[in-house]
Amino acid sequence: MVVFSLFMQKEVISISEIRLKTSVTYKGTGSQTQYDFPFDYLRKSFIKVTIDDVLQDTSDYIVDNRSILFNTAPAADSIIVIYRETDTERLVSWADASVLKASDMTISQVQQLHILEEGQDWSKLNSLYLDETDKSWEGNNHKIKNVSYPVNDDDVVTKGYMETV
């Protein structure tokens, strides 16, 4: 996934320029039951779905290749997030004197890559990051708290400090 977006019947409505690799967001239509996602996964159980921030039970949908097929169409204007959450338990175990198979090494490498991508996406959504377009810090509408009173001329100023001066 290259852009965290809302989709309305396959039409992109961008809500942010945050580049994500492991999730996609759609806006429900009330009739659409199939939603595609562009990222790879190692096991179907690693694909998760939320509707309006509520994690959906896996009995409510089927993962079919790179699509989610809902049993019942999500409500109109609901926010559907399809994301990958790779298990951090080893998928491949190694033993002394065993044969190393290329397929096992690939699975291990891809698992590590997926976990890394998911961590990067989490950081982009849950922390400050540098917006390369204008070289300013992006807070994603999160509040900053527990900031000390300023000491130097270019320190951050809190609301409490401003109200006292």
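Everything below is about the structure shown above.
Since the model is a prediction, treat every value here as computed from it, not as a measurement. (Residues numbered from 1 in each chain as written. Predicted model: local features only at pLDDT ≥ 70, side-chain atom pairs only at ≥ 80, totals over all residues. Heavy atoms only, no water.)

Colleague: How do you make sense of helix H1 (residues 102-126) when you look at a structure like this?
Modeller: Along an α-helix, residues three or four positions apart point the same way, because every turn accommodates 3.6 residues. Its 25 residues give H1 an end-to-end C-alpha distance of 36 Å, which sits within 8% of 36 Å, the value for a rise of 1.5 Å per residue. Burial in H1 covers these residues: Ser108, Gln111, His114, Glu117, Glu118 and Asp121. Close packing links the buried residues of H1 with strand E3 (23-27) and strand E9 (79-84). (Helix = DSSP H or I, 4+ residues; strand = E, 2+ residues; numbered from the N terminus. Expected span 1.5 Å × (residues − 1). Buried < 20%, exposed > 50% of the residue type's maximum accessible area, 1.4 Å probe, protein only. Contact = heavy atoms within 4.5 Å.)

Colleague: Explain the packing of aromatic side chains here, please?
Modeller: Given two aromatic rings, their pairing is described by the distance between the two centres and the angle made by the two planes. Considering all chains together, one arrives at six aromatic pairs under this definition. A centroid spacing of 5.8 Å and a plane angle of 80 degrees characterise the contact between Tyr35 and Phe70, whose relative ring orientation is edge-to-face. On the criterion of sequence distance, the pair formed by Tyr35 in strand E4 (residues 34-36) and Phe70 in strand E8 (residues 67-70) is long-range, its members being 35 residues apart. Judged by its relative accessible area of 1%, Tyr35 falls in the buried class. One aromatic cluster is present, formed by Tyr26, Tyr35, Tyr61 and Phe70 through successive ring pairs. (Phe/Tyr/Trp six-rings, centres within 6.5 Å; stacked < 30°, edge-to-face > 60°.)

Colleague: I tried to follow the sheet that holds strand E6 (residues 54-55) on my own but got confused; where do I start?
Modeller: Strand order in the open sheet made by the four strands is E3-E9-E5-E6, with antiparallel pairing throughout. Across the chains shown, the open sheet's two edge strands, defined by having one partner strand only, are E3 and E6. As defined by bridge partners, strand E5 (residues 47-51) adjoins E9 across five bridges and the pair is classed as antiparallel. By the bridge assignment, Thr50 is partnered in E9 with Val81. (Pairing = 2+ DSSP bridges.)

Colleague: Would you take a moment to explain a nonpolar patch on the surface for this structure?
Modeller: Together, Leu128, Leu130, Trp137, Ile144, Val147 and Val156 give the surface a local cluster of nonpolar side chains, amounting to about 610 Å² of exposed area. Within the secondary structure, Ile144 is located in the loop between strand E11 (136-138) and helix H2 (159-164). (Patch = residues over 30% accessible without salt bridge, like charges linked within 9 Å, V, L, I, M, F, W, Y side chains within 5 Å. Areas by Shrake-Rupley, 256 points an atom, 1.4 Å probe, with all protein chains shown as cover. Salt bridge = Lys/Arg side-chain N within 4 Å of Asp/Glu carboxyl O.)

Colleague: What exactly am I supposed to notice about the pairing of E5 here?
Modeller: Looking down a regular strand, the side chains alternate between one sheet face and the other. Of all five residues that make up E5, four are buried, and the element is covered over most of its length. Relative to E6, E5 is paired through two bridges, and the arrangement is antiparallel. Bridged to Thr50 within E6 is Leu55.

Colleague: Got a minute to help me understand unusual backbone geometry in this structure?
Modeller: The phi torsion at Asp52 lies on the positive side, around 50 degrees, for a residue other than glycine. Looking at the secondary structure, you find Asp52 in the loop between E5 and E6. Of note, the phi angle at Lys135 is positive, near 55 degrees, even though the residue is not glycine. Mapped onto the elements, Lys135 comes out in the loop between strand E10 (129-131) and E11.

Colleague: Sorry if this is basic, but what is going on with the nonpolar core here?
Modeller: One broad trend across soluble globular proteins is that nonpolar side chains are buried collectively. Grouped together as the largest cluster of nonpolar side chains are 14 residues, with contacts concentrated most on Phe37, Ile47, Val49, Ile68, Phe70, Ile80 and Ile82. Once residues lying within four places of it in the same chain are set aside, the contact partners of Val49 are Val54, Leu55, Gln56, Tyr61, Ile68, Phe70, Ile80, Val81, Ile82 and Tyr83. (Core = buried A, V, L, I, M, F, W, Y, C linked by side-chain atoms within 4.5 Å.)

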